[in-house]
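Spelled out, the chains give:
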Amino acid sequence: AQKVTQAQTEISVVEKEDVTLDCVYETRDTTYYLFWYKQPPSGELVFLIRRNSFDEQNEISGRYSWNFQKSTSSFNFTITASQVVDSAVYFCALNPARNQGGKLIFGQGTELSVKP
Amino acid sequence: DTGVSQDPRHKITKRGQNVTFRCDPISEHNRLYWYRQTLGQGPEFLTYFQNEAQLEKSRLLSDRFSAERPKGSFSTLEIQRTEQGDSAMYLCASSFRTGEGDIQYFGAGTRLSVL
């Protein structure tokens, strides 16, 4: 089975707090790609990051960082010093390489609310 | 370069009517995808095109749904005899095929309400 689970439905933090969004995936493929997207209230999904299964290095981009651990099938996303503008729904997605079509399998999303 | 454009942004229709949505991908993107998103859920794949060829359809795509991408440019998604269960956000995405986890860029979606 190919599946993405985002167990946290909603998270609420106060501005400047750090927050981690969890993502656990299932696939039998050895080659696959993982993504994070942000969906603000306007509705458009915004691409944040892509990771392939052979690259387990953590990545940092400004206040955003991602922790990929194949041993636990997790690809977690941390926002440091959160800001009100970070309020959105965040989706983790899986694209198994055997799936030549490239369709994404999304998790249910985590709604992040950052209060001033 | 402009992003993925979808039209209309909102559509309200009565049960049993037909509706058609349009998606204009990022120019030179050869792949185009349709997803459906219901409230509180992640997007679910419906179908995708590579150029003008429709290469995959989800079992979610019933016989009442049809998609086209003439000439490999814009795409249309038609729903015939709409049902209340069709109410959802319909998202379009496009990508340039690299064969290595193509990054899909999404439009703002068309929100369909079936009364």
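Procedures and definitions
- Residues numbered from 1 in each chain as written.
- Chains lettered and ligands numbered in written order.
- Predicted model: local features only at pLDDT ≥ 70, side-chain atom pairs only at ≥ 80, totals over all residues.
- Heavy atoms only, no water.
- Phe/Tyr/Trp six-rings, centres within 6.5 Å; stacked < 30°, edge-to-face > 60°.
- Helix = DSSP H or I, 4+ residues; strand = E, 2+ residues; numbered from the N terminus.
- Buried < 20%, exposed > 50% of the residue type's maximum accessible area, 1.4 Å probe, protein only.
- Pairing = 2+ DSSP bridges.
- Axes fitted to C-alpha atoms, helices over the stretch in contact; angles between N-to-C directions.
- Contact = heavy atoms within 4.5 Å.
- Buried area = accessible area lost by both parts, 1.4 Å probe.
- Salt bridge = Lys/Arg side-chain N within 4 Å of Asp/Glu carboxyl O.
- Polar contact = N/O pair within 3.5 Å; in protein donor to acceptor, adjacent residues only side chain to side chain.

Colleague: Give me the lowdown on the packing of aromatic side chains, citing residues and values where you can.
Modeller: Per the stated rule, a full pass over the model turns up 24 aromatic pairs over all chains. Judged by centre distance (6.0 Å) and plane angle (50 degrees), the ring pair of Tyr37 of chain A and Phe106 of chain A falls under tilted. Placement of the pair is Tyr37 of chain A in strand β5 (residues 32-39) and Phe106 of chain A in strand β11 (residues 105-106), with a sequence separation of 69 residues. Here Tyr37 of chain A falls in the buried class, since its relative accessible area comes to 0%. Seen from their ring centres, Tyr35 of chain B and Phe106 of chain B are 5.5 Å apart, and the 45 degrees between their planes marks the pair as tilted. Taken together, the residues span a long stretch of sequence, with Tyr35 of chain B in strand β4 (residues 31-37) and Phe106 of chain B in strand β10 (residues 105-106) at a distance of 71 residues.

Colleague: So, the sheet that holds strand β8 (residues 75-79) of chain B: which residues are in play, and what are the values?
Modeller: Residues and elements named next belong to chain B. The antiparallel open sheet is built from four strands, whose spatial order is β1-β3-β8-β7. Two strands in the sheet have a free side with no partner beyond their single neighbour: β1 (5-7) and β7 (65-68). Averaged over neighbouring strand pairs, the angle between their axes works out to 15 degrees when direction is ignored. Sheet topology note: the strand β3 (residues 19-24)/β8 ladder contains five bridges and is antiparallel. Bridge assignment links Arg22 to a residue of β8, and that residue is Thr76.

Colleague: Could you give me a rundown of the interface of chain A and chain B, with the residues and numbers involved?
Modeller: Facing 21 residues of chain A, the contacting portion of chain B comprises 23 residues. When the two sides are added together, the surface that chain A and chain B hide from each other amounts to roughly 1800 Å², 50% of it contributed by carbon and sulfur. Remark: the boundary between chain A and chain B carries one salt bridge. One salt bridge in this structure joins Glu56 of chain B and Lys103 of chain A, with 3.1 Å as the shortest N-O distance. The interface formed by chain A and chain B contains seven residue pairs in polar contact (both at pLDDT 80 or more). Contributions of two or more residues to the side of chain A that touches chain B are made by β5, β6 (46-52) and β10 (88-96) of chain A. For the side of chain A that touches chain B, the element with the most residues is β5 of chain A, which contributes four residues.

Colleague: Describe the pattern of salt bridges, and please don't skip the residues or the numbers.
Modeller: Residue and element names in this part refer to chain A. The full count for this structure, using the stated rule, is eight salt bridges over all chains. Where Glu59 meets Arg51, a salt bridge forms, and the shortest distance between an N and an O atom there is 2.9 Å. Overall, Glu59 belongs to the partly exposed group, its relative accessible area being 29%. Using a relative accessible area of 8% as the deciding quantity, one classes Arg51 as buried.

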